[in-house]
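Given next are the chains, with one letter for each unit.
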Amino acid sequence: MTKTEIRHLLRVPDNFRVLLQQGGATMQYTAIVKNLIGLKPSRKANLLMTGLWSQQNYDEISKHCEVNVVANNIEDNDCTKMVDVSRWKVDQDASFFHFCCNETVNGFEFDFKTFPWHLIPKDQPVIGDMSSNVATCEIPWDKFAMIYMGAQKNLGTAGCTVMVIREDLFGKAEKDVPILCDWTLHEKSPDTYYNTPAIFPMYVTGLFC
């Protein structure tokens, strides 16, 4: 029920899969790199540094691969504005591009209509942490390959994590991917749940949607 309601609310296209897990958005920091880093030989990640949450993302992802910081609002202007796109340094050969769509602590949110999508190679998956602005704006599904969020800010209570993943990204995980970070393992499990799910938080998310 909950996954169906999420699809309806967010207008998720048929070529995306909806997964529900525990661990919060934080666990997806590891999952993203372990599922996607092998997409390109360079094994690098592009990351926008725009506040606290992207800083935490960087701290985790950099344990597993080389990270190219495309722009750093924290160092450049204390998160008061976006670094001018003319100064962005996008690695064209990176395996994926990640950004936090809304930095709640620092009060910085991207407008998808003016985001410089053209700077990112079309074959480079774009990943968005939408924990705090999901369901507040229309999602340009033709631009994103994966979005994820902890449900507790906009879609329910703590204990439910929502991932919406384009289907061509499954089956790409590293051999040492932690078992609860393996998207394909969950997708192929009964009802997409490898382990016992957090039933009540997931149910509440369905009611919110």
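Structure first, text after, so check above.
Per chain, residue numbering runs from 1 following the sequence as it is written. Local features in this predicted model are restricted to residues of pLDDT 70 or higher, and side-chain atom pairs are both shown and tallied only at a pLDDT of 80 or more, whereas totals for entire chains, interfaces and linings draw on every residue. Side-chain metrics in this entry use all non-hydrogen atoms of the structure; hydrogen atoms and water are not considered.

(A) Summary view of the packing of aromatic side chains. Stacked, tilted and edge-to-face are the three classes assigned to paired rings of Phe, Tyr and Trp, where Trp is represented by its six-membered ring and a pair needs centres within 6.5 Å; plane angles under 30 degrees give stacked, over 60 edge-to-face, the rest tilted. Per the stated rule, a full pass over the model turns up 14 aromatic pairs. For the pair F112 and F144, a centre-to-centre distance of 5.4 Å together with 75° between the ring planes defines the contact as edge-to-face. Of this pair, F112 sits in the loop between β6 (108-109) and β7 (126-129) while F144 is found in the loop between β7 and β8 (146-150), placing the two residues 32 residues apart along the sequence. In this structure, F112 and F144 share a single accessibility class: buried. Among the aromatic residues, those joined into a ring-pair cluster are W88, F97, F99, F108, F110, F112, F115, W117 and F144. By definition, any uninterrupted DSSP run of H or I lasting at least four residues is a helix, any uninterrupted run of E lasting at least two residues is a strand, and each is numbered from the N terminus. Whether a residue is buried, partly exposed or exposed follows from its accessible area with a 1.4 Å probe, protein chains only, as a fraction of its type maximum: under 20%, in between, or over 50%, in that order.

(B) Quick peek at the pairing of strand β1 (residues 16-21). For β1, the tally of buried residues reaches 5 of 6 residues, placing the bulk of the element in the interior. Where β1 meets strand β9 (residues 161-166), 6 bridges bridge the pair, whose relative direction is antiparallel. Looking at β9, one finds that Q21 is bridged to T161. When DSSP finds two or more bridges between two strands, those strands count as paired.

(C) Here's a closer look at a nonpolar patch on the surface. Together, M1, F200, Y203 and L207 make up a nonpolar patch on the protein surface, roughly 480 Å² of accessible area in all. Overall, M1 belongs to the exposed group, its relative accessible area being 53%. Residues enter patches when they are more than 30% accessible in relative terms and free of salt bridges; like-charged ones are connected within 9 Å and nonpolar ones (Val, Leu, Ile, Met, Phe, Trp, Tyr) within 5 Å. Using a 1.4 Å probe, accessible areas were evaluated by the Shrake-Rupley method; residue-level cover was limited to the displayed protein chains. Note on definitions: salt bridges are taken to be side-chain nitrogens of Lys or Arg within 4 Å of carboxyl oxygens of Asp or Glu.

(D) Looking closely at unusual backbone geometry. At R43, a residue that is not glycine, the phi angle is positive and equals roughly 55°. Here R43 lies in the loop between α2 (24-36) and β2 (44-49). The exposure class of R43 is partly exposed, given its relative accessible area of 36%. A positive phi angle, close to 70°, is found at T192, a residue other than glycine. Its place among the elements puts T192 in the loop between α5 (183-188) and α6 (199-208).

Geometry only, nothing functional implied.
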